[in-house]
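Inside the fold
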Amino acid sequence: MALIAPSILSADFSKLREEVEMINSSQADWFHVDVMDGVFVPNISFGFPVIKQVKKYATKPLDVHLMIVQPERYVQEFKDAGADILTVHIEASTHLHRTLQMIKAAGMQAGVAVNPHTAINQLEDIITDVDLVCLMSVNPGFGGQKFIPGTFQKLEKLRKLIDSTGSKARIEIDGGVGSTNAAQLINAGADVLVAGNFVFSSGDPVGTIASLKKI
Ligand code: DX5
Ligand code: ZN
């Protein structure tokens, strides 16, 4: 059974507390929290004040996905805002090994995210240092985009890399996940599914989360 992480990027921010409580009451496992800086990605989402409010009401871990340049600048701030898992992009952190150690030293699980153009073999020398690999199945920046089918080949390679090295990393798929691909992703070895648009644009988000959980 995969973990389900609804992305609050697609939530209705005018009633954020209710949305958080909806996820609390659902079978979701984590809150996926997308932070965008308008530099690494062509969009700006939200920052510390919003994350702190989510943390105040959330009863499940915050899985914070940083789409920002030089994420190492803000590790402690995200810890203080309430992050439980902190994921940085391989394309955004020059001294990735050091950044991951900083995240762990701050008491969080450390994740690394890879864009659709980034080869899985670039993870070889870091795979035993991470708790999570976030495999982007869209180009990051926006919710509601179309799933990139090439993700399946990358998922297969990543599954092999993790299993052959004894890495404890979970594989998270982020972008365009829904009823058309969720089962196939889980069968191919995905451990965590992020779902934004699919959950929040449905008339029954709690039921939609339950349907993903049942797969
Ligand atoms: C994309 C974000 C995703 C996004 C997923 O930049 O990292 O987490 O919110 O949203 P959907 O499920 O709508 O593609
Ligand atoms: Zn994300």
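Think of each chain on its own: its residues are numbered from 1, step by step along the sequence as written. A letter from A marks each chain and a number from 1 marks each ligand, given out in the order of writing. Side-chain atom pairs in this predicted model are given and counted only at pLDDT of 80 or more, local residue features only at pLDDT of at least 70, and totals for whole chains, interfaces and linings cover all residues. Calculated side-chain values reflect all of the structure's heavy atoms, with hydrogen atoms and water omitted.

1. Overview of the site of ligand 1
Stated formally: Whether a residue is near a molecule or strand depends on its heavy atoms: if one lies within 4 Å, it is near. Within 3.5 Å is the distance limit for a polar contact, defined as a pair of N or O atoms, with the added protein rule that one can donate a hydrogen and the other accept it, and that residues adjacent in sequence qualify only through two side-chain atoms. We count a stretch as a helix when DSSP gives it H or I for four or more residues in a row; a strand needs E for two or more, and each element gets its number in order from the N terminus. Residues are sorted three ways: Asp, Glu, Lys and Arg are charged, Ala, Val, Leu, Ile, Met, Phe, Trp, Tyr, Cys and Pro are nonpolar, and all the rest, Gly among them, are polar.
Residues in contact with ligand 1 amount to 20 residues; listed here are only the nearest, Asp-34, Gly-141, Gly-144, Asp-174 and Gly-196. Asp-34 places a polar side-chain atom, nitrogen or oxygen, 2.8 Å from an oxygen atom of ligand 1. Gly-141 places a polar main-chain atom, nitrogen or oxygen, 2.8 Å from an oxygen atom of ligand 1. Mapped by element, the contributors of at least two residues to the shell around ligand 1 are strand S2 (31–36), strand S3 (62–67) and strand S8 (192–195). Its residues placed into classes, the shell around ligand 1 shows eight nonpolar, ten polar and two charged.

2. A look at the sheet that holds strand S5 (residues 109–114)
Strand pairing in a sheet is mediated by backbone hydrogen bonds. Such pairs are either parallel or antiparallel. We count it as follows: For two strands to be treated as a pair, DSSP must find no fewer than two bridges joining them. Each axis is a line fitted through C-alpha atoms, and for a helix only the stretch in contact is used; angles between axes span 0 to 180 degrees, taken between their N-to-C directions. By definition in these notes, contact holds between two residues if any of their heavy atoms fall within 4.5 Å.
Across the sheet, which stays open at both edges, the eight strands sit in the order S1-S8-S7-S6-S5-S4-S3-S2 with parallel pairing between neighbours. Single-partner strands in this sheet number two, and they are strand S1 (3–6) and S2. Taken over all neighbouring pairs, the strand axes of this sheet differ in orientation by 25 degrees on average, direction set aside. Inspection of the sheet shows S2 paired to S3 by six bridges, in the parallel sense. For Asp-34, the partnering residue across the bridge sits in S3 and is His-65. The strands that helix H4 (residues 96–105) touches are strand S4 (85–89) and S5; relative to S5, the one it contacts most, it runs at about 145 degrees.

3. Comments concerning the coordination of the zinc ion (ligand 2)
We apply this condition: Listed donor atoms are N, O and S within 2.8 Å of the metal (Na, K and Ca: 3.2 Å). As water is not included, a site may look incomplete. Note on geometry labels: four donors, all angles 85 to 135 degrees, give tetrahedral; four donors become square planar and six octahedral when opposite donors are over 155 degrees apart and every other angle is between 65 and 115; remaining cases are irregular. Each residue is placed in one exposure class: buried if its accessible area under a 1.4 Å probe, protein chains only, is under 20% of its type's maximum, exposed if it is over 50%, and partly exposed if it falls in between.
The zinc ion (ligand 2) binds to the protein through His-32 (NE2), Asp-34 (OD), His-65 (ND1) and Asp-174 (OD); the donor distances cover 2.1 to 2.3 Å. Seen from the zinc ion (ligand 2), its six donor atoms lie at angles of 71 to 172 degrees, and the figure they make is octahedral. On the accessibility criterion, Asp-174 (7% relative accessible area) is buried.

4. Describing the pattern of salt bridges
As a working rule, side chains carrying opposite charge can pair if their charged atoms are close by. Formally: By salt bridge we mean one thing: a side-chain nitrogen of Lys or Arg within 4 Å of a carboxyl oxygen of Asp or Glu.
For the structure on display, the rule yields six salt bridges. With a closest N to O distance of 3.7 Å, Lys-160 and Glu-156 form a salt bridge. Of this pair, Lys-160 and Glu-156 both sit in helix H5 (residues 151–165), four residues apart, which is roughly one turn of the helix. You can call Lys-160 exposed: its relative accessible area is 56%. The partner of Arg-159 in a salt bridge is Asp-191, with the nearest N and O atoms 3.3 Å apart. With Arg-159 in helix H5 and Asp-191 in the loop between helix H6 (182–187) and S8, the pair connects residues that are 32 residues apart, well separated along the chain. Its relative accessible area of 18% is what places Arg-159 among the buried residues. Counted as one network, the salt bridges with shared partners bring together Arg-159, Asp-163 and Asp-191.

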